Protein chains: 2
Amino acid sequence: MSSTRDIDALIDLMARLPGLGPRSARRAVLHLIRKRALLLGPLARQMQLVADTARECLNCGNIGTADVCDICSSAKRATGELCVVEDVADLWAMERSGVFKGRYHVLGGTLSALDAVGPEELRIPKLMDRVESEAVTEVILALNATVDGQTTAHYIADQLESRVRVTSLAQGVPIGGELDYLDDGTISAALRARKEV
Amino acid sequence: MSSTRDIDALIDLMARLPGLGPRSARRAVLHLIRKRALLLGPLARQMQLVADTARECLNCGNIGTADVCDICSSAKRATGELCVVEDVADLWAMERSGVFKGRYHVLGGTLSALDAVGPEELRIPKLMDRVESEAVTEVILALNATVDGQTTAHYIADQLESRVRVTSLAQGVPIGGELDYLDDGTISAALRARKEV
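Basis of the calculations
Residues numbered from 1 in each chain as written. Chains lettered and ligands numbered in written order. Predicted model: local features only at pLDDT ≥ 70, side-chain atom pairs only at ≥ 80, totals over all residues. Heavy atoms only, no water. Buried < 20%, exposed > 50% of the residue type's maximum accessible area, 1.4 Å probe, protein only. Helix = DSSP H or I, 4+ residues; strand = E, 2+ residues; numbered from the N terminus. Pairing = 2+ DSSP bridges. Right-handed = clockwise from strand over helix to strand, strands pointing away. pLDDT = per-residue confidence, 0-100. Contact = heavy atoms within 4.5 Å. Polar contact = N/O pair within 3.5 Å; in protein donor to acceptor, adjacent residues only side chain to side chain. Core = buried A, V, L, I, M, F, W, Y, C linked by side-chain atoms within 4.5 Å. Axes fitted to C-alpha atoms, helices over the stretch in contact; angles between N-to-C directions.

J.: Go over the pairing of strand β5 (residues 138-141) of chain B, please, and point to the residues and values.
T.: Residue and element names in this part refer to chain B. Going residue by residue along β5, you find E138 and I140 tucked away on one face and V139 and L141 tucked away on the opposite face as well. Pairing geometry for strand β3 (residues 81-85) and β5, over four bridges, is parallel. Counted as the bridge partner of C83 is I140 from β5. In this fold, β5 hands off to helix α7 (residues 147-160), which returns the chain to strand β6 (residues 165-168); that crossover is right-handed.

J.: Which residues make up the confidence of the model for chain A, and what are the values?
T.: Residues and elements named next belong to chain A. Per-residue confidence for chain A averages 90 on the pLDDT scale, and 98% of its residues sit at or above 70. Per-element mean pLDDT across chain A ranges from 84 in helix α8 (residues 184-192) up to 96 in strand β4 (residues 103-106). For this predicted complex, the interface confidence score (ipTM) comes to 0.81, while the overall pTM stands at 0.80.

J.: Could you give an account of the environment of E56(A), naming the residues involved and the relevant values?
T.: Position of E56(A) among the secondary structure elements: in strand β1 (residues 55-56). When its relative accessible area of 42% is taken as the criterion, E56(A) is described as partly exposed. Between the C-alpha atom of E56(A) and that of A66(A), which follows or precedes it by ten residues, the distance is 8.1 Å. Excluding its chain neighbours within four sequence positions, the residues that come into contact with E56(A) are G61(A), N62(A), I63(A), D67(A), R123(A) and R36(B). Among the polar contacts listed, one links the side chain of E56(A) to the side chain of R123(A), at a separation of 3.1 Å.

J.: Explain the pairing of β4(A) residue by residue, including any values.
T.: Residue and element names in this part refer to chain A. A two-sided burial pattern is seen for β4, the buried positions comprising R103 and H105 on one face and Y104 and V106 on the other. Pairing geometry for strand β3 (residues 81-85) and β4, over four bridges, is parallel. When the sheet's bridge partners are listed, V85 is paired in β4 with V106.

J.: Which residues make up helix α5 (residues 88-97) of chain A, and what are the values?
T.: When α5(A) is considered as a whole, its buried residues turn out to be V88(A), D90(A), L91(A), W92(A), M94(A) and E95(A). On its buried face, α5(A) is in contact with β2 (63-64), α4 (70-73), β3 and β4 of chain A together with α1 (5-14) and α2 (22-34) of chain B. At the N-terminal boundary of α5(A), the capping side chain belongs to D87(A), with an oxygen 3.0 Å from the backbone nitrogen of A89(A). Once α5(A) finishes, G98(A) follows within two positions and takes phi at roughly 70 degrees, a positive value.

J.: Got a sec to walk through the environment of T65(A)? Specific residues and values, please.
T.: On the secondary structure map, T65(A) appears in the loop between β2 and α4. You can call T65(A) partly exposed: its relative accessible area is 23%. When the C-alpha positions of T65(A) and A51(A) are compared, they lie 9.7 Å apart, and in sequence the two are 14 residues distant. Setting aside chain neighbours within four positions, we find T65(A) in contact with T53(A), A54(A), R55(A), T4(B), D6(B) and I7(B).

J.: Hey, could you go over the nonpolar core for me, with residue numbers and the actual values?
T.: Residues M14(A), M47(A), M14(B) and M47(B) are the most contacted members of the largest nonpolar core, which totals 76 residues. Filtering out sequence-adjacent residues up to four positions away, M47(A) remains in contact with L10(B), M14(B), L32(B), L40(B), L43(B), A44(B) and M47(B).

J.: Which residues make up the sheet that holds β3(B), and what values go with them?
T.: Across a sheet, paired strands are connected by hydrogen bonds in the backbone, their directions being either parallel or antiparallel. Residues and elements named next belong to chain B. Pairing in this open sheet of four strands is parallel, and the strands run β4-β3-β5-β6 from one edge to the other. One side of each edge strand has no neighbouring strand; the edge strands of this open sheet are β4 (103-106) and β6. For this sheet, the mean angle separating the axes of adjacent strands, direction not counted, is 25 degrees. As paired strands, β5 and β6 are joined by four bridges and run parallel to one another. Each bridged residue has a counterpart across the sheet, and for E138 the counterpart in β6 is R165. Against the sheet, helix α5 (residues 88-97) touches β3 and β4, its axis set at about 160 degrees to β4.

Written out as structure tokens, the structure reads:
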């Protein structure tokens, strides 16, 4: 390779990002070097800043730059509603929709007999604590519609249903979705959950 | 957004990389934060190092970490063959093939009447100098098979043909290529350049 060792090392590190392979990492690094004043320098500094400050919220598991994240520390978000998600990406997706005004709880995965993931491996005991300590009135299960996600939802609902209202996201046809392109499971879920117009 | 301002700023910077959009930038940043000790920290440091040291070779235009790149400063590569490419990505592609043992000259683009790119905007005067000063015996034009690339190749060949041997890469069917999937231009080029078996 003609690029020197330092540039090769950068390409190798970039290729470990999800969505980038060796080829697109090379392209990205070349682009970065061409814009080194405007992009590579600022990106390096921002990465170092985030590397030094990013951490998991001790309360909900969200990622932020303080021990307790912005959402957990905002009094406005203490609505009594607690939305349970599998991971931080799901929390961010919920936030982007801008509809949910309460707080979150990030499990950090799903229960899985196969991978020996029990409640203790997830943030489930902490969830139970929060339901007591934060005057939670409703737990909204926003887990993925996968087998493991739904198993986890059932487990949590079992544990909580005597203590608090437990709901889950509706399943059905996505907005803009065409029936022809939907899987059978979604169609039958949407049919079972049909409602009066 | 629940992620704090620093993390958002990092996502915005990452989204400016070629091949990453806002969605994949978010995914990449989340991955980086999860692996902050093993990946985000080292990546930040390596980026800073490259931002501080990367520069264009004064001789050939390749990107390296010294004023004159490894290839230009290696006596082994002084074979008298000079391969002319459009940009650094093409040079890297040639180097990966490992077949060419000479030196390179990166033009930094192609001539373009439409975009008002003349020989002075490219590294063409420097190419003329090098042909004299480096005892070049053959100039190999490895320009892209586009209209602008071929126009540039003709221009350079015109300037040089009285002074040095000028060749260009063969055009034809790619190795592993299926005729059915090739464009008409490639098929007719391959047919015109047919050879005895």
